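Residues per chain are reported as follows:
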Amino acid sequence: MSLDLIDPTLLKEQCYVDGAWVGTGESEVTNPATGAVIARVPRFGADEATAAVDAAAAAFKPWGARTAKERSKLIRQWYERIMAHRDDLALILTSEQGKPLAEAKGEIDYAASYIEFYAEEAKRIAGETLPSHRADARILVLRQPTGVVGAITPWNFPAAMITRKAAPALAAGCTIVVKPAGETPLTALALAELADRAGIPKGVFNVVTGDSKAIGGVLTSHSAIRLVNFTGSTDVGKLLMRQAAGTVKKVALELGGNAPFIVFDDADLDAAVEGAMVSKFRNMGQTCVCANRIYAQAGIHDAFVEKLTAAVAKLKVGNGVEAGVTQGPLINDKAIAKVEEHLADARAKGASIVLGGHRHALGGAYFEPTVLTGATAAMQLAREETFGPLAPVFRFETEEEVIRAANDTEFGLAAYFYSRDVGRIFRVGEGLEYGMVGINSGLISTELAPFGGVKESGNGREGSHHGIEEFVEKKYLLVAGLDR
Ligand SMILES: NC(=O)c1ccc[n+]([C@@H]2O[C@H](COP(=O)([O-])OP(=O)(O)OC[C@H]3O[C@@H](n4cnc5c(N)ncnc54)[C@H](O)[C@@H]3O)[C@@H](O)[C@H]2O)c1
Ligand SMILES: O=C[C@H](O)CS(=O)(=O)O
């Protein structure tokens, strides 16, 4: 089945290794909106993954030997080709992941923004000299590329989760092997095609699809891999961390979340509803930074629930390629089952459904955007990431109580709150144990900020000048004998 692309050659059904398209399509890629098979990609294993890492290792020294300006120019050319093919990339993304086309175009812009940023950052990776302890010696600190990067990425952002790693990696002089999620390989392969067209040398950027355990086993053990860069669930992140320990690799982890979204009595209620909508229902609730628990202070609770429900009722569920659709399908039946499990548990423990609460009449992987009230800490949805269009509202009385509740989780990725009290903004902003806090905004992600979490949400930072640190090693030279 072909997609209605302007450039059909962007739909790749082979892996990209060492500048060549290799393998034959065995694993089906399906459209979650229709269940139709849209492509077949190789089911590579350990041998093919090893060949990809060997290619990346062979390309590492030559790529690192290029000047920063040369790397910058090539990375910029990759950005320009992505933007030139934005609509096709968005259609491929929606077809394999399900998000509405408008959101997919937004993701392509967001993904490209990391490449644009790090094309420039490549020229700003500077070393330093430090005051020496000896008159005859000088201390020079170099920042050199870490080495070959093994990247494993999730299905919910098939473009951005790859460029958030590949862009700083290439900027630093690293080479990379990417294993995208089995559900959404086509976007990654299209990005590889555009990297090739941009003139990124062979072996620098490689994409392999297939057996995640076998490929992950190579990416966490091959001696040439110096950084394992993972975005996905906390459970898999812990597994990869253990596997990487065997060869003492650096590990950068962007893991699961359980975001609290807090609305105080002094909030701008309309702004809070707008923020809750974008934070909760973006990508049908399938983002790591989605509001997972919505806390409404007693004074505004009922008014907030009424306004939120009215906004949710306006969401349009359907195939993401259809005009006006704001909620596509979830990625698969397993995702639906998790939403239903959380819903059933919550209702059994006293929650009430205000809106939605059922599989959508469209069938398949569609689910009604849902609002619950009466949510409590005893419910599964308070402890686990729902990853679906389920908005549970918790009532609270005091600032101290809600900070305790918000922090009562092993996760620490994103948190949000709405208040116009400057003292409260600093007390709560500093008191929340998260890597990122949105204050009076439900959308916080940008390439200009260091995205990442604490606790069991991970340890890496992606974006801003901080995002280059994972990809460089500091080495110092002590140059002595300068008095002879
Ligand atoms: N913190 C972030 O920036 C961020 C961003 C997106 C998604 N996520 C998290 O990812 C999860 C959803 O994505 P998902 O379902 O794709 O996560 P997942 O952990 O199931 O899969 C992520 C990737 O890991 C691979 N994988 C799975 N098991 C593996 C193994 N044993 N060895 C090697 N690779 C393996 C998958 O094929 C996929 O490519 C959610 O928890 C979400 O919060 C976090
Ligand atoms: O799902 C995780 C993504 O990192 C969300 S965002 O697009 O960066 O906000």
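Residues numbered from 1 in each chain as written. Chains lettered and ligands numbered in written order. Predicted model: local features only at pLDDT ≥ 70, side-chain atom pairs only at ≥ 80, totals over all residues. Heavy atoms only, no water.

**Regarding the UniProt feature "domain: Aldehyde dehydrogenase" (unreviewed entry) in the protein chain**
Next, step 1: As annotated by UniProt and renumbered to match this structure, "domain: Aldehyde dehydrogenase" (unreviewed entry) occupies residues 26–475.
Next, step 2: Here residues 26–475 is 40% helix and 19% strand, with 45 Å between the C-alpha atoms at its ends. (UniProt positions renumbered as here; feature names shortened; annotations may be inferred. Helix = DSSP H or I, 4+ residues; strand = E, 2+ residues; numbered from the N terminus.)

**Details of the UniProt feature "active site" (unreviewed entry) in the protein chain**
Next, step 1: Listed under "active site" (unreviewed entry) in the UniProt record, and renumbered for this structure, are Glu254.
Next, step 2: By the element assignment, Glu254 lies in strand 11 (residues 250–254).
Next, step 3: When near neighbours in sequence (up to four residues on either side) are disregarded, Glu254 contacts Arg164, Phe230, Thr231, Gly232, Leu413, Phe451, Gly452, Gly453, Ser457, Gly460, Arg461 and Glu462. (Contact = heavy atoms within 4.5 Å.)

**Considerations on the pairing of strand 4 (residues 37–41)**
Both faces of the sheet carry side chains from a regular strand, because those side chains alternate between them.
Next, step 1: As paired strands, strand 3 (residues 27–30) and strand 4 are joined by four bridges and run antiparallel to one another. If you follow Ser27 over to strand 4, its bridge partner there is Val41.
Next, step 2: In this antiparallel pair of consecutive strands, strand 3 and strand 4, the connection spans six residues, and Gly35 shows a positive phi of 80°. (Pairing = 2+ DSSP bridges.)

**Section: the site of ligand 2**
Next, step 1: Around ligand 2, the neighbouring residues are Tyr110, Asn156, Phe157, Met161, Arg164, Arg282, Thr287, Cys288, Val289, Ser445 and Phe451.
Next, step 2: At 2.9 Å from an oxygen atom of ligand 2 is found a side-chain nitrogen or oxygen belonging to Arg164.
Next, step 3: When atoms are counted within 2 Å of each cavity's grid points, the one that captures over half of ligand 2 is the largest cavity.
Next, step 4: By residue class, the composition of the shell around ligand 2 is six nonpolar, three polar and two charged. (Near = heavy atom within 4 Å. Polar contact = N/O pair within 3.5 Å; in protein donor to acceptor, adjacent residues only side chain to side chain. 1 Å grid on protein atoms, 1.4 Å probe; cavity = no way out; pocket = protein on both sides within 12 Å on 5 of 7 lines; lining within 4 Å. Sits in = over half its atoms within 2 Å of the grid points. Nonpolar A, V, L, I, M, F, W, Y, C, P; charged D, E, K, R; others polar.)

**Quick look at helix 5 (residues 160–172)**
Next, step 1: With 13 residues, helix 5 extends 18 Å between its outermost C-alpha atoms, agreeing within 8% with the 18 Å of an ideal straight helix rising 1.5 Å per residue.
Next, step 2: Here helix 5 lies mainly inside the structure; 13 of its 13 residues are buried.
Next, step 3: At the exit of helix 5 stands Gly173, carrying a positive phi of roughly 100°. (Expected span 1.5 Å × (residues − 1). Buried < 20%, exposed > 50% of the residue type's maximum accessible area, 1.4 Å probe, protein only.)

**Remarks on the site of ligand 1**
Next, step 1: Looking at ligand 1, there are 29 residues lining it, with Thr153, Trp155, Ser233, Leu255 and Glu385 nearest.
Next, step 2: Within the backbone of Gly232, an N or O atom sits 3.3 Å from an oxygen atom of ligand 1.
Next, step 3: Put simply, ligand 1 lies in the largest pocket.
Next, step 4: Mapped onto the shell around ligand 1, the elements with two or more residues apiece are helix 5, helix 7 (212–219), strand 10 (225–231) and helix 8 (234–245).
Next, step 5: Tallied by class, residues from the shell around ligand 1 come to 15 nonpolar, nine polar and five charged.

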